[in-house]
Structure formats: structure tokens, C-alpha cells
Amino acid sequence: FRRLALCEWEPNTTPAHSYNVTTDQNGNFTIADVPKGTFTITVKNLHTLKRVKTSQVVTDGNNTINFGTLLEGDATNNNVVDVFDFSLLLNTFYKAMGESGYDTRADFNADNIIDVFDFSLLLNSFYQNGEEQ
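Notes on the structure follow.

Rules used in this analysis
Residues numbered from 1 in each chain as written. Predicted model: local features only at pLDDT ≥ 70, side-chain atom pairs only at ≥ 80, totals over all residues. Heavy atoms only, no water. Buried < 20%, exposed > 50% of the residue type's maximum accessible area, 1.4 Å probe, protein only. Helix = DSSP H or I, 4+ residues; strand = E, 2+ residues; numbered from the N terminus. Arc of directions from axis to C-beta. Contact = heavy atoms within 4.5 Å. Polar contact = N/O pair within 3.5 Å; in protein donor to acceptor, adjacent residues only side chain to side chain. Pairing = 2+ DSSP bridges. Patch = residues over 30% accessible without salt bridge, like charges linked within 9 Å, V, L, I, M, F, W, Y side chains within 5 Å. Areas by Shrake-Rupley, 256 points an atom, 1.4 Å probe, with all protein chains shown as cover. Salt bridge = Lys/Arg side-chain N within 4 Å of Asp/Glu carboxyl O. Axes fitted to C-alpha atoms, helices over the stretch in contact; angles between N-to-C directions. Parallel < 35°, antiparallel > 145°, perpendicular 65-115°, else oblique. Nonpolar A, V, L, I, M, F, W, Y, C, P; charged D, E, K, R; others polar.

### Let's talk about helix α2 (residues 116–125)
Here's step 1: Of all the residues in α2, the buried ones are D118, L122 and S125. Buried residues in α2, looked at end-on, bunch into an arc of 65°, giving them a common side. Exposed residues lying more than 90 degrees from the buried face of α2 are F117, L123 and N124.
Here's step 2: On its buried side, α2 packs onto α1 (83–91).
Here's step 3: With a side-chain oxygen positioned 3.1 Å from the backbone nitrogen of F117, the residue opening α2 is D115.
Here's step 4: Remark: Y127 follows α2 within two positions and exhibits a positive phi of approximately 60°.

### Regarding the side chain of D103
Here's step 1: Considering the arrangement of structural elements, one finds D103 in the loop between α1 and α2.
Here's step 2: Of note is the side chain of D103, whose polar atom sits 2.7 Å from the side chain of R105.
Here's step 3: Every residue in contact with D103, bar those within four places of it in the chain, is listed here: L88, T92 and I114.

### As for the pairing of strand β4 (residues 51–58)
Here's step 1: One ladder, built from 6 bridges, connects strand β3 (residues 37–44) with β4; its direction is antiparallel. Bridge pairing in β4 places I41 opposite K53.
Here's step 2: Taking the residues that link successive antiparallel strands as the turn, the β3-β4 hairpin has 6 residues.

### Some words on a nonpolar patch on the surface
Here's step 1: Where nonpolar side chains cluster on the molecular surface, the patch consists of V83, F84 and Y127 and spans about 370 Å² of accessible area.
Here's step 2: Looking at where V83 falls in the secondary structure, it is placed in helix α1.
Here's step 3: On the basis of relative accessibility, which here comes to 41%, the residue V83 falls in the partly exposed class.

### Regarding the pattern of salt bridges
Here's step 1: Evaluation of the coordinates by the stated rule reveals 3 salt bridges.
Here's step 2: Among the salt bridges present, the one from D74 reaches K44, with a minimum N-O distance of 3.2 Å. Here D74 is found in the loop between β4 and α1, whereas its partner K44 is found in strand β3, with 30 residues between them in sequence.
Here's step 3: Of the charged contacts, one joins R105 and D103 as a salt bridge, the two residues approaching to 2.7 Å between their closest N and O atoms.
Here's step 4: Judged by its relative accessible area of 42%, R105 falls in the partly exposed class.

### Re the packing of α1 against α2
Here's step 1: At a minimum axis separation of 11 Å, α1 and α2 run at an interaxial angle of 175°. One element, α1, and the other, α2, form an angle in the roughly antiparallel class. Between α1, through D85, F86 and L89, and α2, the contact on the second element is made entirely by D118, F119 and L122.
Here's step 2: Across the contact of α1 with α2, the residue classes break down as 4 nonpolar, no polar and 2 charged.

What follows is the structure, encoded as C-alpha cells:
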């Protein structure tokens, strides 16, 4: 299972650097040539809630920062899981990739079909907000 995550290194409120990355099956990713310093770092996938880590020191070499599991269900990509996300999922329910009406934004487990597994992921995060910096 691979995710696309956006990481922002932010010394203030304006992103100093943004990176698009692809994770491995364990959620790990590598970014080369990251500047050293202390940053607020955010991670968000297209349909997950955002996670934020403040005052993270980035040094030379490998830096490990655990954001935990990103919560799925944000089909509308507005950092909240609510009735709008549920409505989007409902409109594409039991559709598979290639079928009319299939919407990849509701395919939270990336198996190319919108089904009860996607509904379960949304339900687990329902009425939750992502973290803010």
C-alpha cells in the first residue's frame, strides 16, 4: 500500500520547502538534500487527515520522525472527514476503476473499488479534523 504524502518544512507559517514523496509498504519515505534546522513538519495524503510535528530538528544523515498512521476518509481533501466525504463515497459506492461513476478520491485503501472497506476507513475517522500547525 503506497501513499503520496506532502511534507512541508516550515520555520514560520510559509512553507520553506515542499516535497512529494511515495512511501513504501511500511509508510517510510526518503527525501534527499533536506536543509538542516528546526522546523514544523506536516504530512498529508490526498484523502487523509494532516499530521503535524513541531520543533523537529533535522540534521545531516538519516532523520526518523514517526507521524503514526494517517487517518483515511478525507475524500474532499479539506482536512476534515464529514458528510461531504460520505456523500462522495456514497455516489461512487460499489463502482470499480473503469466503471462510469468511479471516483478515486473515495478509494481510501487504493484497491480500485469503492466498497465496505473504504466505508470502514471513512467511518473510523468520521467527524475528525486533521491537525493544524
